[in-house]
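# Structural characterization, general
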Amino acid sequence: MQATAYTYDAETRSGQVLLDDGTPVPFDAPAFDAGGLRLLRPGQRVRIETEGAGEALRITLVTLQTL
């Protein structure tokens, strides 16, 4: 799934992405660390992996979108 980085806190390595429908979804440090990134800037296009649905939707991986 693709999304756009919305917020990122380098100290906690957590933040939020915006899904293509505009829904913000938070991610935590383990999801960020799983992607091997060192930094994330708002507006960057990212690829995410999730589990669950609706209110239980949880991001398990955040990485840069590559073509």
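Source: prediction; values computed, not measured.

### Describing the environment of A53
Mapped onto the secondary structure, A53 falls in the loop between β4 (45-51) and β5 (58-64). The spatial distance from the C-alpha of A53 to the C-alpha of E11 is 28 Å, given a sequence separation of 42 residues.

### Remarks on the pattern of salt bridges
Here the structure, examined in full by the defined rule, presents four salt bridges. Where R45 meets D20, a salt bridge forms, and the shortest distance between an N and an O atom there is 2.9 Å. With R45 in strand β4 and D20 in the loop between β2 (14-19) and β3 (24-27), this pair connects stretches of sequence that are 25 residues apart. Owing to a relative accessible area of 33%, R45 belongs among the partly exposed residues under this scheme. Looking at D20, the relative accessible area reads 60%, which means it is exposed. For the salt bridge of R47 with E49, the shortest nitrogen-to-oxygen distance reads 3.0 Å.

### Side note on the nonpolar core
Judged by nonpolar contacts, the single largest core of 15 residues is most densely connected at V17, F27, L40, V46, I48, I59 and V62. Elements represented by at least two residues in this core include exactly β1 (2-9), β2, β3, α1 (29-34), β4 and β5. The leading source of residues in this core is β1, at three residues. Once residues within four sequence positions are removed from consideration, I48 is found in contact with M1, A3, V17, L19, I59, L61 and V62.

### Notes on the packing of aromatic side chains
Here the distance between the centres and the angle between the planes together describe a pair of aromatic rings. Taken as a whole, this structure holds two aromatic pairs when the rule is applied. Between F27 and F32 the ring centres are 6.4 Å apart and the planes differ by 20 degrees, which places this aromatic pair in the stacked class. One aromatic cluster is present, built from ring pairs that chain together Y8, F27 and F32.

### Side note on the sheet that holds β3
Taken together, the five strands give an open sheet; going across it, the order is β3-β2-β1-β4-β5, and neighbouring strands pair in antiparallel fashion. Two strands in the sheet have a free side with no partner beyond their single neighbour: β3 and β5. The mean inter-strand angle of the sheet, taken between neighbouring strand axes irrespective of direction, is 40 degrees. Alignment of β4 against β5, held across six bridges, turns out to be antiparallel. Paired with I48 across the strands is V62, a residue of β5.

What counts and how
- Residues numbered from 1 in each chain as written.
- Predicted model: local features only at pLDDT ≥ 70, side-chain atom pairs only at ≥ 80, totals over all residues.
- Heavy atoms only, no water.
- Helix = DSSP H or I, 4+ residues; strand = E, 2+ residues; numbered from the N terminus.
- Salt bridge = Lys/Arg side-chain N within 4 Å of Asp/Glu carboxyl O.
- Buried < 20%, exposed > 50% of the residue type's maximum accessible area, 1.4 Å probe, protein only.
- Core = buried A, V, L, I, M, F, W, Y, C linked by side-chain atoms within 4.5 Å.
- Contact = heavy atoms within 4.5 Å.
- Phe/Tyr/Trp six-rings, centres within 6.5 Å; stacked < 30°, edge-to-face > 60°.
- Pairing = 2+ DSSP bridges.
- Axes fitted to C-alpha atoms, helices over the stretch in contact; angles between N-to-C directions.

Read these as geometric descriptors, not functional statements.
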